[in-house]
Amino acid sequence: MEKTLILIKPDAFGKGHTGDILKRYEDEGFKIIAAKVMQMDEKIAAIHYAEHIGKNFYGDLVEFMTSAPLMALVLGGENVIQRVREINGATNPAKADEGTIRKLYAEGVTKNAVHASDSPASAAREIPIFFSEIEQFG
Ligand code: IDP
Ligand code: MG
């Protein structure tokens, strides 16, 4: 089964949108294979967001992602990587399609509610940052 790494970011998690977001994914038929509430530290952020180190938004991104708890998830299902990217919407909520999670819940381009792996290679790299094999069921 294809798997993807989801983060319900501190903005959406803190505002109580987790249940609504999970319902969107479950309504698409995707399975929750792993889930936990955790708080990122700078070290985890640097590993997860390694591709963005040095970019002008990196400092704000890490400050936000480490600021409060979030929910990390592994979702599984057919074509889950691409489908969840579509359900989440564009990185910048101003450009996100109507009805997408980011259009509904994101505050801006940094505080944009959700993360999802962008490719099979990203999912394979990102999932083990947050979950061991024995924490995944599916
Ligand atoms: P993605 O989350 O849609 O895959 P990426 O380009 O991988 O987007 O960027 C990772 C995260 O960094 C974004 O979700 C957003 O929180 C933040 N980010 C990306 N681009 C910008 C920007 O131009 N300004 C501020 N924050 C940004
Ligand atoms: Mg990305």
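For the structure itself, consult the block above.
Residues numbered from 1 in each chain as written. Chains lettered and ligands numbered in written order. Predicted model: local features only at pLDDT ≥ 70, side-chain atom pairs only at ≥ 80, totals over all residues. Heavy atoms only, no water.

S.K.: Even after reading the chapter, I still don't get helix 5 (residues 80-88), so can you show me in this structure?
M.R.: Along an α-helix, a turn takes 3.6 residues, which lines up residues three or four apart on a common side. Of the positions making up helix 5, those classed as buried are Val-80, Ile-81, Val-84, Ile-87 and Asn-88. One face of helix 5 carries all of its buried residues, which in axial projection span an arc of 130°. Elements that come into contact with the buried residues of helix 5 comprise strand 1 (3-8), helix 2 (18-27), strand 3 (70-76), helix 6 (101-105), strand 4 (114-116) and helix 7 (120-130). Just downstream of helix 5 lies Gly-89, where phi reads positive at about 90°. (Buried < 20%, exposed > 50% of the residue type's maximum accessible area, 1.4 Å probe, protein only. Helix = DSSP H or I, 4+ residues; strand = E, 2+ residues; numbered from the N terminus. Arc of directions from axis to C-beta. Contact = heavy atoms within 4.5 Å.)

S.K.: Sorry, what's going on with the site of ligand 1 here?
M.R.: Taken together, Lys-9, Tyr-49, His-52, Phe-57, Leu-61, Arg-85, Thr-91, Arg-102, Val-109, Thr-110 and Asn-112 form the complete shell of residues around ligand 1. A distance of 2.9 Å separates an oxygen atom of ligand 1 from a polar side-chain atom of Lys-9. Contact between ligand 1 and His-52: an oxygen atom at 2.9 Å from a side-chain N or O atom of the residue. Protein coverage of the free-state accessible area of ligand 1, which is 520 Å², stands at 79%. Its residues placed into classes, the shell around ligand 1 shows four nonpolar, four polar and three charged. (Near = heavy atom within 4 Å. Polar contact = N/O pair within 3.5 Å; in protein donor to acceptor, adjacent residues only side chain to side chain. Areas by Shrake-Rupley, 256 points an atom, 1.4 Å probe, with all protein chains shown as cover. Nonpolar A, V, L, I, M, F, W, Y, C, P; charged D, E, K, R; others polar.)

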